[in-house]
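Architecture and fold: a report
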Amino acid sequence: MTWLVTGGAGYIGGHVVRALRAAGYPVVVLDDLSTGRPERLPEDVDLVVGSVTDQPLVAGVLRGYPVDGVVHLAARKSVAESVARPDWYHRENVGGVAALLDAMAETGVSRMLFSSSAAVYGIPAAPRVDEACRTAPINPYGLTKLLGEQLIAVAGTGYPLSWLALRYFNVVGAAQPLLADRVPANLVPIALAALAADRPVTVTGTDFPTRDGTGVRDYVHVEDLAAAHLAAVNRLMDTRPASAVYNVGTGHGYSVLEVLRRIGAVTGQPVPYEVGPRRPGDPPEVVADVSRIRRELGWRARYGLTEMIASTWLAWSELSGPVRAG
């Protein structure tokens, strides 16, 4: 039962591909290599270089292997970039979903696992969010993820499509340095980069209504995220039709200052910081309610914040040289 993983040479994709291969699933990867790296892929995984927006190419891959299901990870994912280039984000992310769905319908592929995001929730009314919470994205990136979910759901009413979507929270860590994120946009790698450069981290806001005034977020280890993909793929292999969204997080929130202190404990060096203004639209606290994915897919996070930071630090040290010890 072969699975096509779009974006499989990326940071998350590399972990997902290895989890699928370890479980015995044959895999083929489609990646435009804009951020992906071929060396992340196992030797027994074929790589097709190209864009998921190229519908004839995608259809050819689906026929050629042949493919039984698709894990769709390929997307542009920078919030700031999406604000600067909203039309392009719509073409790449929403257009990519549309082209993929067309190719799947043309070739009779009826299983799809979609990479979504907690960004679909925008600024939630309550700190803990479940999948029934109102979706109101506050940036073009989050909107493209929500529109992708909606396109898939509508497609499932037109032909026999079994689908699931995973709404990721803040992904951290690496199974090994080779698979590490090379485009850090998360607090943990940003803080490690600041340590290496001997400069302070900017904390954006210390006047939130939280336990220490800084924003609280849910972080999830990338290996746990890969395991969630495997659990979802196993569910899609069931003969029962599927159509559901799931949060993927730990269910625990950590403030910015708590994360910085934990980084200091792991690296042996306190992380200096300076206080900056709040970013527009930043919610005080967003934590995943993960009861649904536990109940329906049997998945739960295994790793805590210390393991996430330690694996990121190890990967960062091997790729960039060790962070100087305090």
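Looking up the chain in an unreviewed UniProt entry gives the name UDP-glucose 4-epimerase, with the organism given as Rugosimonospora africana. UniProt annotates the chain under Sequence similarities (unreviewed entry) with the comment "Belongs to the NAD(P)-dependent epimerase/dehydratase family." What the UniProt record of the chain gives under Pathway (unreviewed entry) is the line "Carbohydrate metabolism; galactose metabolism."

1. Remarks on the overall build of the chain
Within the chain, the secondary structure is distributed over 10 helices and 14 strands. Here the chain has a C-alpha radius of gyration of 19 Å; the compact-globule value for 326 residues is 20 Å, and the two agree. Across the 326 residues that make up the chain, the buried fraction comes to 53%. Considering only residue pairs separated by 6 or more positions, the chain has 78% of its internal contacts joining residues 24 or more positions apart. The positive charge centre, built from 30 side chains, and the negative charge centre, built from 32, are 3 Å apart in the chain.

2. A short note on the nonpolar core
A general feature of soluble globular proteins is that nonpolar side chains tend to end up buried together. Ranked by size, the top nonpolar core spans 47 residues in total, and within it Leu20, Val71 and Ile293 carry the most contacts. Those elements that place two or more of their residues in this core are strand 1 (3–6), helix 1 (11–22), strand 2 (27–31), strand 7 (162–168), helix 7 (222–236), strand 11 (243–248), strand 14 (285–288) and helix 9 (291–297). A per-element tally of this core places helix 7 first, with 9 residues. Aside from chain neighbours lying at most four places away, what touches Val71 is Trp3, Leu4, Val5, Thr6, Val16, Leu20, Leu113, His229 and Val233. If you look at the next biggest cluster of nonpolar residues, it comprises 25 residues, including Val48, Leu101, Ile152 and Ala155.

3. Things to note about the environment of Val216
Here Val216 shows up in strand 10 (residues 216–221). As for Val216 and Gly249, which are separated by 33 residues in sequence, their C-alpha atoms are 13 Å apart. Leaving out residues up to four positions away in the same chain, Val216 has contacts with Thr210, Arg211, Gly253, Tyr254, Ser255, Pro284, Glu285, Val286 and Val287.

4. Remarks on the environment of Ala126
The topology assignment puts Ala126 in the loop between strand 5 (111–117) and strand 6 (128–129). A sequence separation of 43 residues divides Ala126 from Phe169, and the C-alpha atoms of the two residues are 16 Å apart.

5. Thoughts on helix 4 (residues 86–107)
With 22 residues, helix 4 extends 31 Å between its outermost C-alpha atoms, agreeing within 8% with the 32 Å of an ideal straight helix rising 1.5 Å per residue. Among all positions of helix 4, only Trp88, Tyr89, Asn93, Val94, Gly96, Val97, Ala99, Leu100, Leu101, Ala103 and Met104 are buried. Against the buried residues of helix 4 lie helix 2 (55–64), strand 4 (69–72), helix 3 (79–84), strand 5 and helix 5 (140–158). One or two steps after helix 4, the chain reaches Gly108, where phi turns positive at roughly 80°.

6. Thoughts on the UniProt feature "domain: NAD-dependent epimerase/dehydratase" (unreviewed entry) in the chain
UniProt's feature table lists "domain: NAD-dependent epimerase/dehydratase" (unreviewed entry) at residues 3–249, given in the numbering used throughout. Counted over residues 3–249, helix gives 38% and strand 21%. Its end C-alpha atoms are 24 Å apart.

7. Description of the sheet that holds strand 1
Taken together, 7 strands build an open sheet; the order of strands is 3-2-1-4-5-7-11 and the sheet is parallel. Every interior strand has two partners, whereas the edge strands, strand 3 (46–49) and strand 11, have only one. The average undirected angle you get between the axes of adjacent strands in this sheet is 20°. Two strands pair when backbone bridges link them, and strand 7 and strand 11 are joined in this way by 6 bridges, in the parallel orientation. Bridged to Leu166 within strand 11 is Tyr246. Where helix 1 meets the sheet, it contacts strand 1, strand 2, strand 4 and strand 7, and its direction lies at approximately 170° from that of strand 2.

8. Some words on the confidence of the model for the chain
Overall, the predicted model of the chain reaches an average pLDDT of 94, with 98% of residues at or above 70. Low pLDDT, under 50, characterises residues 322–326; the stretch is placed with 14 contacts to residues that sit more than four places away or in other chains.

9. Remarks on the environment of Ser116
Relative to the helices and strands, Ser116 is located in strand 5. Measuring from C-alpha to C-alpha, the distance between Ser116 and Leu73 comes to 8.4 Å, with 43 residues separating the pair along the chain. Apart from the residues within four sequence positions on either side, Ser116 is in contact with Lys145, Glu149, Leu166, Arg167 and Tyr168.

10. As for the packing of helix 4 against helix 5
Helix 5 packs onto helix 4 with a crossing angle of 20° between their chain directions and a minimal axis gap of 9 Å. In terms of orientation, helix 4 and helix 5 fall into the roughly parallel class. Two packed elements cross with a definite hand, and for helix 4 against helix 5 that hand is right-handed. Residues Pro86, Tyr89, His90, Asn93, Val94, Val97, Ala98 and Leu101 of helix 4 form the contact with helix 5, whose own contacting residues are Pro140, Tyr141, Thr144, Leu147, Gly148, Leu151, Ile152 and Ala155. Classifying every residue of the contact of helix 4 with helix 5 by side-chain character gives 12 nonpolar, 4 polar and no charged.

Basis of the calculations
Residues numbered from 1 in each chain as written. Predicted model: local features only at pLDDT ≥ 70, side-chain atom pairs only at ≥ 80, totals over all residues. Heavy atoms only, no water. UniProt positions renumbered as here; feature names shortened; annotations may be inferred. Helix = DSSP H or I, 4+ residues; strand = E, 2+ residues; numbered from the N terminus. Rg over C-alpha atoms; globule rule 2.2 N^0.38 Å. Buried < 20%, exposed > 50% of the residue type's maximum accessible area, 1.4 Å probe, protein only. Contact = heavy atoms within 4.5 Å. Lys, Arg positive; Asp, Glu negative; His and termini not counted. Charge placed at Lys NZ, Arg CZ, Asp CG, Glu CD. Core = buried A, V, L, I, M, F, W, Y, C linked by side-chain atoms within 4.5 Å. Expected span 1.5 Å × (residues − 1). Pairing = 2+ DSSP bridges. Axes fitted to C-alpha atoms, helices over the stretch in contact; angles between N-to-C directions. pLDDT = per-residue confidence, 0-100. Parallel < 35°, antiparallel > 145°, perpendicular 65-115°, else oblique. Left-handed = near helix turned anticlockwise from the far one by under 90°. Nonpolar A, V, L, I, M, F, W, Y, C, P; charged D, E, K, R; others polar.

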